[in-house]
Structure formats: structure tokens, C-alpha cells
Amino acid sequence: MQRITITIEDDLLEALDAFMDRSGASNRSEALRDLIRRGLDQDAPETAECVGVVTYAMDPAQRDLGRLVPESRQQHHDAAIAALSVPLDHHAAVEVAVMRGTVGSVQAYANSLFLQRGVRHGQTVLIPVRTEVEFHLHGERAHTHDHLRVLDRF
């Protein structure tokens, strides 16, 4: 790590301190590193490997979204890790889909959902990962399987 000195306006420093309080960062350096990582993640290469958390609200009855959205996830079964639907009332549900793949493929899936009429407040969080194949011995049985290792940045 390297130590740097920056000059910052008073109102921007107040906003940084407020972010620090909200995010649980223990000091300004930690808060700044978090904000810089988030900003750099916006420029993630489309071919980079990631896990994406896709969140949105929707009206399941509008345009038959209650059927279409799960079907679209099923069409991406190789990328879908998990999905959760939380009914809020008779006309709205909050949904979360956890997807894996390249940044480009996860963003394309998310954007295809967000463009649907009846889907609102869509957001995607991308987590940089690397797939590692590991060999394990469990008792007398040996096997290999994938592990996703979380990276600090894309």
C-alpha cells in the first residue's frame, strides 16, 4: 500500500464522512478505497468473469411477467446460481437473481429484464471472481470441482 495526500472540498469531505458512517468503513482511507473500487467496477471489461446480483421490483401480473421472468432465467440455467422472489403486496414483488458469467453476459441478462414493461428499479452489482479447479480428498473419495475466488478488482 502507498500513502497519498489529496486536497478535497469541505462539502465533498462531509459527503465522504457520511458515506463512511453509512458503509461501516472504519476510516476515511477505507471509505475512499471502497468508493474507488466501486467506480472502477463500472469500467469492468466485458470478458471479465463475475458474479452478478440483479435486483428489481416487478408487477408479476403485468405482461405475464410472473411466468416470463422465471422462463428467461431458465433459459440461462447455466449462469443462474440462485433466485428469490419476495411478494410485497397484490401487485408487486422484489426479485433477486444471482448470476455468474462474463460481465457482458450478466449485464445483457440484467438489461433485458430491466427493459420489460412492469420491471422497475433495476440494479446490478458485479463482483469480480476467478474460477479455480481444485482437487479434494474426502475420506477415500477424491474429486475435482470449481471454486469461485473473489478478487479485489476487475
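Along every chain, residues carry numbers that run from 1 in the direction the sequence is written. pLDDT decides what is reported in this predicted model: residues at 70 or higher carry local features, side-chain atom pairs at 80 or more are listed and counted, and totals for whole chains, interfaces and linings draw on all residues regardless. By convention in this description, side-chain values take in all heavy atoms of the structure and omit both hydrogens and water.

The name given to the protein chain in an unreviewed UniProt entry is Putative nickel-responsive regulator, with Rhodovulum kholense as the source organism. UniProt positions are given in the numbering used here, feature names are shortened, and annotations may be inferred rather than shown by experiment. The UniProt entry for the protein chain carries the following comment under Cofactor (unreviewed entry): "Ni(2+)". Note on the protein chain: under the UniProt heading Function (unreviewed entry), the record states "Transcriptional regulator."

What follows is about the pattern of salt bridges. When a carboxyl oxygen of Asp or Glu is within 4 Å of a side-chain nitrogen of Lys or Arg, the pair counts as a salt bridge. Enumeration according to the criterion identifies seven salt bridges in this entry. The partner of R28 in a salt bridge is D17, with the nearest N and O atoms 2.8 Å apart. Linking R28 in helix α2 (residues 28–41) with D17 in helix α1 (residues 10–23), this pair joins segments that are 11 residues apart in sequence. A relative accessible area of 22% places D17 in the partly exposed class. The partner of D64 in a salt bridge is R67, and the shortest N-O contact between them spans 2.6 Å. Only protein chains enter the area calculation, which uses a 1.4 Å probe; residues under 20% of their type maximum are buried, those over 50% are exposed, and those in between are partly exposed. The exposure class assigned to D64 is partly exposed, which follows from its relative accessible area of 36%. Only DSSP runs of H or I with at least four residues qualify as helices, and only runs of E with at least two residues qualify as strands; both kinds are numbered from the N terminus onward.

On to the environment of D89. By the secondary structure assignment, D89 is in the loop between β2 (80–87) and β3 (93–102). Two N or O atoms form a polar contact when they lie within 3.5 Å of each other; inside protein one atom must be a possible hydrogen donor and the other a possible acceptor, and for residues adjacent in sequence the pair counts only when both atoms belong to side chains. Within the local environment of D89, its side chain forms a polar contact with the backbone nitrogen of H91, the two atoms lying 2.6 Å apart. Of the polar contacts made by the side chain of D89, one reaches the backbone nitrogen of A92; its length is 2.7 Å.

Our next topic: the pairing of strand β4 (residues 119–138). At least two bridges found by DSSP between two strands are what make those strands a pair. Of the pairings in the sheet, the one linking strand β1 (residues 49–58) to β4 comprises eight bridges and is antiparallel in character. From the neighbouring strand, C50 faces β4, where its bridge partner is P128. Where β4 lies against strand β5 (residues 141–150), 10 bridges are found, and the strand directions are antiparallel. From the neighbouring strand, V129 faces β5, where its bridge partner is V150.

A few words on unusual backbone geometry. What you tend to see is this: most non-glycine residues have negative phi, and most peptide bonds are trans. Backbone geometry at R63 places phi at a positive 55°, although glycine is not the residue there. Checked against the element boundaries, R63 lands in the loop between β1 and α3 (65–75). Even without glycine at this site, D64 takes up a positive phi of about 65°. With respect to the element layout, D64 can be found in the loop between β1 and α3.

With respect to the helices and strands, G101 occurs in strand β3. Each C-alpha atom, one on G101 and one on R117, is 25 Å from the other, the two residues being 16 residues apart in sequence. Aside from chain neighbours lying at most four places away, what touches G101 is A48, E49, C50 and V106. Here, two residues are considered to be in contact whenever any of their heavy atoms come within 4.5 Å of each other.

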